[in-house]
Every structure is written in C-alpha cells, then in structure tokens.
Amino acid sequence: MQLYGYHGRLLEVDLSRERSREVEIEPEILEQYVGGRGLASYLLWRELGGSWREVDPLGPENLLLLLTGPLTGYYPGVKLAVSGKSPQSNGIVGSVLSSEVAIELKAAGYDGLVVRGRASSPVYVYVEGDRVEIREAAHLWGLGGRETFRKLMEELWGELKRRRLAREGLTKEPSFVYIGPAGENRVRTAAVMAKIAHAAGYGGYGAVMGSKNLKAVAVKGFGPMPRAKRPELVKILLREAWRRLVRRTGFRQWGTGSGGYYFASVTSSEPVRNWQEEWHANRAFGPQNFEAHWVKRYWGDYGCPTTCMKISAIRSGAHRGALTDAPDYEMQAYLGANLGVLEPKACIYLSSLADELGLCGIQTGNVAGFAAELFQRGILTREDIGFDLRWGDAKAFAKLLEMIARREGIGDVLAEGTYRAALRISKEKGVDALQYAVVSKAIGVGAHGVRSAKDFLPDFSYAVCVQGGDHTSAPTGLRGYKSEVSSAFDDSAVICSFNSIRELAFPLLQAVTGFDIDEERWSREHGRRILTIQRVALLEGGPDLRWRPGLDDDLPPRFYEPLPSGPFRGRAANREEVAAKRKEYFLSLGWDEQGIPRDETLEELGLGFLKPAVSRLRSELEHGS
Amino acid sequence: MSKPLFILRDPLKCSGCRLCEVACSLRHEGTVWPEASRIKVFELFPGVDVPHTCAQCRDYPCVKACGYGALKPDERTGAVLVDAEKCVSCGECVKACPGKVMRLHPATRKAMVCDLCGGDPECVKVCVEAGFNALTVIPYESVTLHVYSIVPDEVSRRLYETLFGE
C-alpha cells in the first residue's frame, strides 16, 4: 500500500539505554488512528495497556509522545500533539500546542517521536536530518523559559551555521519544545512549552519530560512534507482555507482575548475567585485594555493567516520585563478574574511568570484560586502559606507560583494539582476540601462555566469528557453529542481547532492521505474508536488514583451551587438532568449507561484487545470494588 | 512585459505566518517544503520575525562568482536565474552572497534563489491577500543603489531592540 501524507515511521529514543531507532507503523494503523491523539491512544495502550494500572506516569516506563498528523504543514496553523499516560488523570490526554517541531519532524522524515526511559542526568534530544543525539543539558537545567529558548537557539543555530553555511547556505533555524523549572520538579500542572508562551498544558506532560530528565527536544529537518495523494487539489483547498480565515478580522485582531469582558458580563461563565462567582462588574478587561501593551499587531504560527496571537510586553513600572502572548481568554480568566486580579498589567505579569516557570496557566490558575479560597475560609492559614493569599494580590500569587514551580512549602502540596492537593489537605486539616476543587478527573476545568448555560459547553460536558476538564475537547452544545469525536479529529489530524473548517479539513485529509474518511465515517468509526480507548485507560487509571464510573463522571460540586451574582443569579446545574444526559451520551457512543464500552462496540470498532480490561472493569463494578 | 522589480520587506509588519514560504514551495516544488522555499522567515526569538530573500544586488556578486556561467540575471525582472545543467554545486555563489540568501537546494544540491516568479511573486500575493503587506512589489528604479540583503541574525537583533527595548 502506497502511503501518502505519512512517512510511515516514528523515531524512538530510549533515554535509559541511550539509543535511538526507527519504528515502522503499519499503514492500516495510520488509517484507523490517523495521527496525533488517535495514534497516541493506540500506541500507549499497545505498549502499556497490559499493566496500565501499575504504570507510574512519572516513572521511566511511561512514554512521552510527540506526534504529527497527516495535515501537518498543509493545514493552516501547525500543531504538535503531546501525549503519554497523564500524571493528572492517569488516563490518556492528547495535549496539543503550536510548535514547528511538528513540521521539522516531518521534514526530518518522521511522523513523530517516542521517548522512553529516563536519562541519568539532564539531557536534551537533538535531531538534525537523520542524525539523532542525546546531549547533556546541565547548563540548561533550572533555567526559565526565555533563557532556555535563548541559549538553545544560540547553541543550535550557531552550530548549524558553522557546519552548513559555507557549504550550502543559510538553513532555517531549528525548532524545539522544552520545560521550565516546574516540569523539572515534576509539578503535575507543568506544561510542555514552545517559543515563549505556547504550551501543551492539559495532562501535565511537562512533568513527564521532567521525570525523564529531558529538558528539551530540538528538531531540524531538511526535506519536504510527505507526498500528498492529490497535490493539485491540496493547493486549491489550501487557498480556499486561507481566503476564509483571512476574512475573520475580529478574531485575527483580538483572538480569544476579546472574551475577557464579553464572557464575564454577558454570559456569566467566567471563573471569579475560584468559581465562587462567574460574573464581575469590573470593566478593566477586554481587548481594548490589552492592545496598548501589544508590540506586534499580529503573530502567527506556521501557515496560519488567522494570527490570533499577540505579544504583550510591559516595558516600565512594577511589572517591567513581562512578556507573554496576548493574554488569551483563558489566561485573562484564570490568571485574572479567578484570582480576583482585574488589572490587565497584573494579568500579563502573572501569565508571563507562568510561561517562564513552564506552568500550565489554566491548571495553575485553578490550583492557585483553590488555595486562595482555602485561605479565605481559614482552612489554610498564614502559617501554612507563609503570607496572606488575598484575592487580587498579584504579588502574593506570583510568590505562590514560584513556590509551586519549585515545590517549596505549601507549593509542594499544590504542585500535585488541585485534586491531589485537596485530598491531602482534607486529610491533614480534617475538612472536605474537595468541595472547593473545580476539576474533573483531576484536571482543572477550562474557563467556561456551565451554570448560566450561556457559554458553549452544555451542563454535562465536563462530567463525561475523556480528557477530564479539558474545555477544548469536551462535547459542546453547538454540535450535539457527536462533538467530542469532532475535537478528537482536530487533535488527531493535528490541526488548530480555531482554524478547523469541516468542509475543507475532511476533503484535505482525503486529498493528502487518500483515505476514504469523511465527517460521517469519522464520527461513526474513528472518533468513537479513539474515545473508547481513552475511556478504558481513564477507568483503568492507577497507580495512585482511579475513577469510579458514575460517581466520578460528575461535575465539580461547585457547579451545583447556585450562582450568587450577575444576571443569571440563582442558576445552577441540576443533578438529575446531568445524570440523564450523561447516560444518554454514553449510550450514543455504544457504551453502557455507566460508560463502560459494550462488547459489540469493541467488535465493531476493531478494539478486541480492550476486552480483558473491559470485562475486569465490568466485574469490579458489579462487585462494588 | 514586466520591468525589473524589487520585493520590499517590512519585518515590523511580518506576523511570522510563513504563508510566503508555503506559497513559494508549493509553486516551485509542488509541496510544502520550508527549506526549499526561496523566501524564508527566521524567528530567532519568539515574535521577532525576519522575512529573508534575494535583493538582486545590482552588481550581482553571485553571478560574478560563478565560474560555470550557471547564473545570469533575467533582463525582464532582474531576478537571478539558475541554469541547473551548468551548476556544479561548488557553492561559490553561496560564499559570495552578502546576505546569505543564495543556497544549494536541499535535495538537488543546485544553486537556488528567488526568481521573482517571472515578475509576479507568489509570496507577495499571499502576504498582501492576508492583509499583512510585509512584502510588497516595487519597481527596481525606486531602490537606492547597493541595496543588499542583511543577514537575518543582524536584522533580528535590531528588531528585538525595536520591539522589546533593552
């Protein structure tokens, strides 16, 4: 079978044995799982499924996957899918970030990179064409984001020029992903970072990199993207995609950051003071208050005319030197309103700090807000924290972020993420701290509340999502129950969800790969296949935490408390409705009402290899263990 | 009949989207191929994007350096055209190029440089269509004598200061 859109091989680096090799992937597997999140689910289960419950996500046996998709380089806006057994949910999360590492991997002749084992001391992996090296990284260990970027770029770019400039001319710079101090210290809310502010945050894969003593992965390739089946059609579809994306002028100008004002005041779905409220009357947010700090009107990733990003820089005053992207809506919400910080400059400062430390902004805003509520309620005291953690005090939160990244004092507890921290604090203080943890499957929910029912997520979405609180992959109200498989498409073809135009993306997938996959077939077959593996891995869980079907497939308790303020005051999620929708949703995917995949479904989707795990889950549920 | 032309670059307007690279490689190679693009956008620090391509120096040092007659300027557009048959991949043109624009094709190893798409450059078209106008076509007459491309490291350094201070 002639492969189009793929090289048909992955690069596998074993840090324990200090070896690398190429691994072929069967074309049938590529057709069934496509790439990115889908392929990651399959590969992870194939490798680790037999002992999933025992695999420690932060142990050397876990795999770190950096995968591309067939549309890498073609579809506007390059993305890279990061995965592995998640140190947050103990399941599989496909965490996607913008990074040209995806393009470079393709250009080097690989569809992705698999990292195994653990290096005995800090290293980084460097791939240049067909050369693969595991290099010492002691000089980079401990450095913040910007210094890491600067040093690595200087080092690798200098070396590339020395070796190639005189002979063949100037090659483009290499691309890399890295971790900050948070990842090094195995903080479960650490992100895999690219550039200054690009992060694969959900899942906690920065901690996985840290656990492998892996500071960075740098790639430089020289070849073309793999051959497309119908190159002329690809050109036409690409032009059409550009034409449409360019027309989205409001989004191009303000990105998701236009929501800061809008969501809070109109939809009442923005986290405010750890979700105690979802509305505030402050009008300091909104694009017009951030754009004065933007030093570039537009900033885009490879092949993306949407350019929703901006660079915010603060050049004077207390927060001088802060440098981040936008901040986008999630950061405005989580490192702003959720902490009671409603001053744009302070929000830029906290975003910049989270980037520097290599922390996921969403997860960190979630856990910091949780800690501040415990302080507000007197559960955590000044003695526990070391200072007063008051709403709106950006300096105090900055200190807390540093402590989390370095696991100092209370930071060591909070570095375990909101859920695990809540378990530990509950035990130590003899209170139920879990009621203040706004998470699903230990993953902090996105900055989109469900109580007002005015945002894009329906009430049951976080309860059922195989990626926990991930707002980018939870089922949306707009596209009905099939939408979770739809986001699995974006993450598997590995394209930007904001740029995803269905009627162009599927034809492009066909034109590039030659696979006969349309939206209907994807929903019926591929998407369900991927979600089913993810669901089983999530329920298998372990070693430290497992999820109980039904009981843990629920919203955080906070969403059942009525909204105390704003135009939708009094509204809350309804337990019976959520339970009914959850059941209906599971059935629609071919699972039973508890969300355990049916045997027929496994047969239909070609997932026979899940049967032993599924029957064990079922019998455990029957016997109540 | 097109007149000699020049691609004017404004790095301050460049978003780093690389549509120019995609369009260039699609046209010349039939696929997306960043290293084979005749125009390249360097991002040596996040957000500091440097579009880099041939400036058609009037004295054409690359053409002069070629001992095999493989390079000659196009009389209509002013672009340097490569005769792949004559090119022996010696790299003398690469050494002679003041802006380090000239390079050998990553696969064929023949000299590779912007040919201005025969007078209607694809890269400029997509940049203008996307509304960035970081690339525009101007008549060569309006260019001062001895304009040449500056190496991207240098542009990047100056641009960093302009954008972020220090």
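The following paragraphs examine the structure supplied in this document. These figures come from a predicted structure and were not determined experimentally. (Residues numbered from 1 in each chain as written. Chains lettered and ligands numbered in written order. Predicted model: local features only at pLDDT ≥ 70, side-chain atom pairs only at ≥ 80, totals over all residues. Heavy atoms only, no water.)

A short note on the sheet that holds strand β7 (residues 123–128) of chain A
Residues and elements named next belong to chain A.
- Pairing is mixed across the open sheet formed by six strands, whose spatial order is β8-β7-β12-β9-β10-β11. Looking at which strands have only one partner, the edges of the open sheet turn out to be β8 (131–136) and β11 (198–200). On average, adjacent strands in this sheet sit at an angle of 20° to one another, irrespective of strand direction.
- As paired elements, strand β9 (residues 175–178) and strand β12 (residues 214–220) share four bridges and run antiparallel to each other. For Ser175, the partnering residue across the bridge sits in β12 and is Val219. (Pairing = 2+ DSSP bridges. Helix = DSSP H or I, 4+ residues; strand = E, 2+ residues; numbered from the N terminus. Axes fitted to C-alpha atoms, helices over the stretch in contact; angles between N-to-C directions.)

Quick look at the packing of aromatic side chains
Residue and element names in this part refer to chain A.
- If you walk through the whole model with that rule in mind, you get 22 aromatic pairs over all chains.
- Taken together, a centroid distance of 5.5 Å and an interplanar angle of 55° make the contact between Phe460 and Tyr585 tilted. Note that Phe460 is positioned in the loop between β17 (443–444) and α18 (461–464) and Tyr585 in helix α22 (residues 575–588), a separation of 125 residues in sequence.
- According to the relative accessible area criterion, Phe460 is buried, its value standing at 3%.
- Residues Phe489 and Phe506 carry aromatic rings whose centres are separated by 4.1 Å and whose planes lie at 20° to one another, so their mutual orientation is stacked. Taken together, the positions of Phe489 in helix α19 (residues 483–494) and Phe506 in helix α20 (residues 502–513) put the pair 17 residues apart, joining distant regions of the chain.
- A relative accessible area of 0% means that Phe489 is categorised as buried.
- If you follow Arg575 out to its NZ or CZ, it ends over the ring of Tyr560, 3.9 Å from the centre. (Phe/Tyr/Trp six-rings, centres within 6.5 Å; stacked < 30°, edge-to-face > 60°. Buried < 20%, exposed > 50% of the residue type's maximum accessible area, 1.4 Å probe, protein only. Lys NZ or Arg CZ within 6 Å of the ring centre and 35° of its normal.)

Digging into the pattern of salt bridges
Residue and element names in this part refer to chain A.
- Applying the stated rule across the entire model yields 77 salt bridges over all chains.
- The salt bridge partner of Glu168 is Arg164, with a shortest N-O separation of 3.3 Å. Taken as a pair, Glu168 and Arg164 lie in helix α4 (residues 145–168) at a separation of four residues, close to a single helical turn.
- For Glu168, a relative accessible area of 1% corresponds to the buried category.
- A relative accessible area of 16% places Arg164 in the buried class. (Salt bridge = Lys/Arg side-chain N within 4 Å of Asp/Glu carboxyl O.)

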